[in-house]
Amino acid sequence: MLLTLLLSGQVIAHQPVMDMAPRWDDGYGFQTRVEHFNSVTTTWVEGVYTWDKSVRATFKLPYRDGAWGDLILGLPLKKYKNEPNRTSNWSFTPSVQIPTASDRSKWDLGLSISYSAENQAAYQLFDLYIWEDRVGFDMNIGIADRRGRGQGFFWLWDVSALTTDSEGDRIQTGPVVVYFKESVMLRAEYKALVYERDSQWSRGFFSLGIGVVF
Amino acid sequence: MIIKGLALFIALISTSAMAQDYVIKVNGIVCDFCTLGVTKKVTKLPFIDRSKYDKGVKVEIESQKVTIAVKDGMALDKDALFAAIESGGYNPVEIWQLTDDGKPIANKP
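The rules behind the values
Residues numbered from 1 in each chain as written. Chains lettered and ligands numbered in written order. Predicted model: local features only at pLDDT ≥ 70, side-chain atom pairs only at ≥ 80, totals over all residues. Pairing = 2+ DSSP bridges. Helix = DSSP H or I, 4+ residues; strand = E, 2+ residues; numbered from the N terminus. Contact = placed C-beta atoms within 7 Å. Nonpolar A, V, L, I, M, F, W, Y, C, P; charged D, E, K, R; others polar. Buried ≥ 20, exposed ≤ 12 C-beta atoms within 10 Å, placed from the backbone.

Digging into the pairing of strand β6 (residues 77–83) of chain A
Residues and elements named next belong to chain A.
Now for step 1: With seven bridges joining them, β6 and strand β7 (residues 86–98) adopt antiparallel strand pairing. Of the residues in β7, the one forming a bridge with Lys79 is Trp90.
Now for step 2: Hairpin connection from β6 to β7: two residues lie between these consecutive antiparallel strands, with Asn85 at a positive phi of about 65°.

Here it is as structure tokens:
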């Protein structure tokens, strides 16, 4: 249970395909991510559907140790602001964790409030999320490195803070690199533990993912 | 006289059949990855000439402009175009028709 909670806290902050796409009506996308943390590898299968840019639905399903975990459904509600040379949005995301796993399964409710903004040169995301037994904050900030012909990179820095009722608190930070080409996005990130309290976990976190949108 | 008349007729025909390009100023369109939706929606419009640009659409992130090509003999439907861009996630602001050498000539009413 402890491990499940800690691993969940790593990923609940982000919506599929880096919170960016699809922002068009009737858009959809899929993403898979492999995470390695404290000698445990978890593969996440995630998807998103966008009715219009202000209403989306997402799912996330973890797979580890040969079994599927609990399904997480989210309903990101977004308020966009498109300005000259800038776009931003506030996002309010209620989520539910459904006990679909055969072992250590449970219902849970979550809520995320996030803000992201970008221009031609920079990207930033701030996300505060709350579940029954944990509160977390995640921040991505960095530069956009466009290479033309629909491809480029985002070079970001991530800071993640998590406090839980029973498993201690921690802060992790590290680099994130995102490569995109047309409808495909690759994301790799590493986070080192820089602070912990009452936690037995002290290793780094590594994640590698690929997403595609239609 | 006959030759001059024929030349004038051909010139008129070729002018009326000339492809039309338009450029649209679009607020918020600052990310290549996120502009897929605009291309996807605009390309589907029946009056778009998919033989030009990238399936009839060119997006310029630096200037936040979208250039489109309209088929010969077809009229631009500005309302449908603006609705398609909004459906793609962004806000169109202004539109200009382009001359043959790519210069804006007037706002489309």
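Brief notes about the interface of chain A and chain B
Now for step 1: Counting residues at the interface gives 26 residues for chain A, matched by 19 residues for chain B.
Now for step 2: Only β6, β7 and β10 (134–148) of chain A provide two or more residues apiece to the side of chain A that touches chain B.
Now for step 3: Here the side of chain A that touches chain B is built from residues that sort into nine nonpolar, nine polar and eight charged.

Focus on the environment of Asp25(A)
Now for step 1: With respect to the helices, strands and loops of the structure, Asp25(A) is situated in the loop between α1 (2–11) and β1 (27–37).
Now for step 2: Classification of Asp25(A) as partly exposed rests on a count of 18 C-beta atoms within 10 Å.
Now for step 3: Separated by 122 residues in sequence, Asp25(A) and Arg147(A) place their C-alpha atoms 27 Å apart.
Now for step 4: Every residue in contact with Asp25(A), bar those within four places of it in the chain, is listed here: Thr50(A), Trp51(A), Asp52(A) and Ser87(B).

A few points about unusual backbone geometry
Now for step 1: Phi is positive for Glu182(A), which is not a glycine, with a value near 50°.
Now for step 2: Checked against the element boundaries, Glu182(A) lands in the loop between β12 (169–181) and β13 (184–197).
Now for step 3: Unlike most non-glycine residues, Tyr53(B) shows phi in positive territory, near 50°.
Now for step 4: When you line up the elements, Tyr53(B) lands in the loop between α2 (36–43) and β2 (57–60).

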